[in-house]
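Residues per chain are reported as follows:
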Amino acid sequence: MGAQKSIHAGKAKIDVNVDFTHKLCASLMLPPPRNTSSPLSLVIGSLCIKHPNLFGGSEKLDVSWDKGLYDSNILVAYRRPRPEWLSQQCFVIQHSLSPEVGVHGVPIDNFSRSGSGGVNLSRLSLGLDISEPISSKWSNTTSLKFEHVRPVNDDWRSITRDLDGFPVTCSGSNHDSMVVLKQESRYAKANDRSFSRFSMQIEQGIPVLSKWLIFNRFKFVASKGVKLGPAFLLTSLTGGSIVGDMAPYQAFAIGGLGSVRGYGEGAVGSGRSCLVANTELTFPLNNTLESAVFMDCGTDLGSGRLVP
């Protein structure tokens, strides 16, 4: 049971989407929400507020709130008008709360799903996103953000160790702080018969203070799709590595959607490095159904033992 509503207040627009999902989750035999004492724990939905002319100079303000059964995300973005040939700037404040199942999750149902391992991440970030002018095939985005990460248990209390007694932060305290400079480049090319995509992310932790994390992390994703008659063949290769300081939650998790399917997130493994290959062949059965055959494989390249 759910409801959707759009409200116009002057030039601002408010989108509300609320969904009561308790019966649906029960029918799917999913684990109940941890905090069932609150009525909001049984509700998922989203709230979006957009204003196209905040101060009368075409300044744009976007505020969004998304809530799931176990996670939530609040995003505030402010954009100032700039000529199209200049880089576009966006000031962002974001807070998210989600289970950390990639490393601390508990595999269940023969490793097909990952349940909470009692570690959740409360993450606050604020900073600046700069998007370069887009060419026909390439786009670039640079961001500089301060991040504050605080692990909490299922009762939302700060923790420094997991259920097995291992530290959950890099600093050893109940939180990690860092200033991250991130560069992301994307390439895309497509025609009627095929497409090619490539993206590269590079993150650098800047040592503003001695206790803040210093690291270099990169990740790439390359994919190619080709139409073979009525069928479509898609292949992709994903890899990455991190050097320097690393908290457990920063490790590359192998398993789950977008990785090795058939396993829960992190159920295959996690490491300082990873390499995942995916191949998928889809073909239509009729106007409404299609079938797929896929093969996924992944490795931590022997770096799993280096995850704290």
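Residues numbered from 1 in each chain as written. Predicted model: local features only at pLDDT ≥ 70, side-chain atom pairs only at ≥ 80, totals over all residues. Heavy atoms only, no water.

For the protein chain, an unreviewed UniProt entry supplies the name Bacterial surface antigen (D15) domain-containing protein and the organism Citrus clementina. According to the UniProt record, the Subcellular location (unreviewed entry) comment for the protein chain is "Plastid, Chloroplast outer membrane". (UniProt positions renumbered as here; feature names shortened; annotations may be inferred.)

What to know about the packing of aromatic side chains
The geometry of an aromatic ring pair comes down to the distance between the two centres and the angle between the two planes. In total, this model carries 5 aromatic pairs according to the counting rule given. One aromatic cluster in this structure is built from Phe55, Tyr78 and Phe91. Its guanidinium or amino end placed over the ring of Phe252, Arg217 lies 4.1 Å from that ring's centre, counting from NZ or CZ. Positioned over the ring face of Phe294 is Arg261, at 4.1 Å from the centre of the ring. (Phe/Tyr/Trp six-rings, centres within 6.5 Å; stacked < 30°, edge-to-face > 60°. Lys NZ or Arg CZ within 6 Å of the ring centre and 35° of its normal.)

Here's the deal with the nonpolar core
In this structure, Val149, Met178, Phe215, Ile242, Met246, Tyr249 and Ile254 are the most contacted members of the largest nonpolar core, which totals 17 residues. Elements with a minimum of two residues in this core: strand 11 (176–190), strand 15 (252–254) and strand 17 (273–284). With residues up to four places along the chain from it excluded, the contact list for Met246 reads Cys170, Ala251, Arg272, Leu306, Val307 and Pro308. (Core = buried A, V, L, I, M, F, W, Y, C linked by side-chain atoms within 4.5 Å. Buried < 20%, exposed > 50% of the residue type's maximum accessible area, 1.4 Å probe, protein only. Helix = DSSP H or I, 4+ residues; strand = E, 2+ residues; numbered from the N terminus. Contact = heavy atoms within 4.5 Å.)

What to know about the pattern of salt bridges
Counted by the stated rule, this structure contains 8 salt bridges. The partner of Glu147 in a salt bridge is Arg123, with the nearest N and O atoms 3.5 Å apart. Within this pair, whereas Glu147 is found in strand 10 (residues 138–152), its partner Arg123 is found in strand 9 (residues 120–131), the two being separated by 24 residues in sequence. For Glu147, a relative accessible area of 15% gives the class buried. Exposure remark for Arg123: the relative accessible area of 26% places this residue in the partly exposed category. The closest approach of N and O atoms between Arg186 and Glu184, which form a salt bridge, is 2.8 Å. (Salt bridge = Lys/Arg side-chain N within 4 Å of Asp/Glu carboxyl O.)

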